[in-house]
Amino acid sequence: MKFSPITRPLGKLAIELVENFTHDTPWGFISIPAGFIYNGASIPRLGQLVLGVSRYGAQVRGPAVIHDYHYKHHVVSRKRADIIFHWMLRANGVNAFKAALMYRTLRLFGRKAWNNSKK
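Criteria and cut-off values
- Counting restarts for each chain: residues are numbered from 1 in the order of the written sequence.
- Note on the predicted model: pLDDT of at least 70 is required for a residue's local features to be given, and 80 or more for side-chain atom pairs to be given and counted; whole-chain, interface and lining totals, by contrast, use all residues.
- Side-chain metrics in this entry use all non-hydrogen atoms of the structure; hydrogen atoms and water are not considered.
- Put simply, DSSP H or I for four residues or longer makes a helix, DSSP E for two residues or longer makes a strand, and each gets a number counted from the N terminus.
- Accessible area is worked out with a 1.4 Å probe on protein chains only. A residue is then buried under 20% of its type maximum, exposed over 50%, and partly exposed in between.
- When a carboxyl oxygen of Asp or Glu lies within 4 Å of a side-chain nitrogen of Lys or Arg, that pair is called a salt bridge.
- Pairing of aromatic rings covers Phe, Tyr and the six-membered ring of Trp, with a centre-to-centre limit of 6.5 Å; geometry is then stacked below 30 degrees between planes, edge-to-face above 60, and tilted otherwise.
- Comment: axis = line fitted to C-alpha atoms, over the contacting stretch for helices; angle = value between 0 and 180 degrees taken between N-to-C directions.
- An angle counts as roughly parallel when it lies under 35 degrees, as roughly antiparallel when it exceeds 145, as roughly perpendicular when it falls between 65 and 115, and as oblique in every other case.
- It only takes one pair of heavy atoms within 4.5 Å for two residues to be counted as in contact.
- Residues are grouped as follows: Ala, Val, Leu, Ile, Met, Phe, Trp, Tyr, Cys and Pro are nonpolar; Asp, Glu, Lys and Arg are charged; all remaining types, including Gly, are polar.

### Examining the environment of Gly-93
Here Gly-93 shows up in the loop between α3 (78-91) and α4 (96-109). Since its relative accessible area comes to 47%, Gly-93 is described here as partly exposed. For the pair Gly-93 and Gln-59, spaced 34 residues apart in sequence, the C-alpha to C-alpha distance is 6.8 Å.

And the structure:
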């Protein structure tokens, strides 16, 4: 995996980044500090079964931590955060169909999470 952060579970829906997670992307250098807590890829259980991925799986863990960080701190625009997530999924070996489906789902349903993080 190109993007595979070192994490530890804190509970059913919480993961802590154990080490700083930094990577260069076509949109610049991204750095997430150790201690950031996130919930993995927010994929409903049915979606996990259909896509054959886990919200905490190796292929999605790195893209999810960066995506969640961007959504929480508004480091980049929502659209850019979603595009980076898609690019990272593909770089981690997620096939084009699955990555596109996850991206489209974010574009359709991610607005609430983005807006809630502004509060």
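Read on, since the account is not over.
### Overview of the pattern of salt bridges
Tallied over the entire structure, the rule returns two salt bridges. One salt bridge in this structure joins Glu-16 and Arg-8, with 2.5 Å as the shortest N-O distance. When its relative accessible area of 16% is taken as the criterion, Glu-16 is described as buried. Among the salt bridges present, the one from Asp-82 reaches Arg-107, with a minimum N-O distance of 2.8 Å. Taken as a pair, Asp-82 in helix α3 and Arg-107 in helix α4 lie far apart in primary sequence, 25 residues in all. Residue Asp-82 is classed as buried on the basis of its relative accessible area, which comes to 0%.

### Describing the packing of aromatic side chains
Taken as a whole and judged by the stated rule, the model has four aromatic pairs. Between Trp-27 and Trp-87, the ring centres sit 5.9 Å apart and the planes meet at 85 degrees, which makes this aromatic pair edge-to-face. Here the residue Trp-27 occupies a position in the loop between β3 (21-25) and β4 (28-32), and Trp-87 occupies one in helix α3, the gap between them amounting to 60 residues. For Trp-27, a relative accessible area of 32% puts it in the partly exposed group. Residues Tyr-71 and Trp-114 carry aromatic rings whose centres are separated by 5.2 Å and whose planes lie at 85 degrees to one another, so their mutual orientation is edge-to-face. Linking Tyr-71 in helix α2 (residues 58-73) with Trp-114 in helix α5 (residues 111-116), this pair joins segments that are 43 residues apart in sequence.

### Details of the packing of α2 against α3
Remark: α2 packs on α3, axes separated minimally by 9 Å, with the N-to-C direction vectors making an angle of 170 degrees. Put simply, α2 runs roughly antiparallel to α3. Of the residues in α3, those in contact with Gln-59, Val-60, Gly-62, Pro-63, Ala-64, Ile-66, His-67, His-70 and Tyr-71 of α2 are Arg-78, Ala-81, Asp-82, Ile-84, Phe-85, Met-88 and Leu-89. Considered class by class, the residues forming the contact of α2 with α3 number 10 nonpolar, four polar and two charged.

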